[in-house]
Amino acid sequence: MAPAAGSTNKIFVGGLPQSCAEEVLSNYFMQYGNIVDSVVMKDRETGNSRGFGFVTYDSAAAVEMVMSQYSDHRIGNKWVEVKRAVSRE
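Throughout what follows, the structure given in this document is the object of discussion. Every chain begins its residue count from 1, and numbering advances along the sequence as written. Whole-chain, interface and lining totals are the exception, using all residues; otherwise, since this is a predicted model, local features are given only for residues with pLDDT of at least 70 and side-chain atom pairs are given and counted only at 80 or more. Side-chain measures were taken over the full set of non-hydrogen atoms in the model, leaving aside hydrogen atoms and water.

## Re unusual backbone geometry
Okay, so step 1: One non-glycine residue, Asn77, adopts positive backbone phi at about 60 degrees.
Okay, so step 2: The numbering of helices and of strands both runs from the N terminus, where a helix is a DSSP run of H or I of at least 4 residues and a strand a run of E of at least 2. Secondary-structure assignment places Asn77 in the loop between strand E4 (74–75) and strand E5 (78–79).

## A closer look at the sheet that holds strand E2 (residues 35–42)
Okay, so step 1: Strands are treated as partners if at least two bridges between them are detected by DSSP. Across the sheet, 4 strands lie side by side as E2-E3-E1-E6; this open sheet has antiparallel pairing. The outermost strands of the open sheet, each flanked by one partner alone, are E2 and strand E6 (81–84). Each adjacent strand pair in this sheet contributes to an overall mean axis angle of 20 degrees, direction not counted.
Okay, so step 2: In this description, contact between two residues means that some pair of their heavy atoms is separated by no more than 4.5 Å. Orientation is described by lines fitted to C-alpha atoms, with helices fitted over the stretch in contact, and by angles between N-to-C directions that extend from 0 to 180 degrees. Sheet strands in contact with helix H2 (residues 60–68) are strand E1 (10–14), strand E3 (49–57) and E6, and its direction is about 140 degrees off that of E6.

Below you can see the structure in the form of structure tokens.
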């Protein structure tokens with residue numbers, strides 16, 4: 001089966017708690033597949049979390065599993081929104 005149009009190995013995670021470290025993000029999302037990379041975006045001046053990040057998996061199937069449970073994702077008792085990451089290219 002060919003990958004669906006717009007399939008991606010990367011997800012955007014929004015609404016992260018201010019205290020969310022990259023390890024917390026990785027530890028939560030590793031249950032869906034093998035993570036290649038994860039990052040919590042930080043403010044350049046303060047170093048504080050900007051409240052969003054990205055997780056890259058080794059397969060698009062992991063992204064589909066994450067998306068299938070869209071309303072269930074919680075980090076630190078806070079619901080986080082997940083979206084398929086779209087390349088800026």
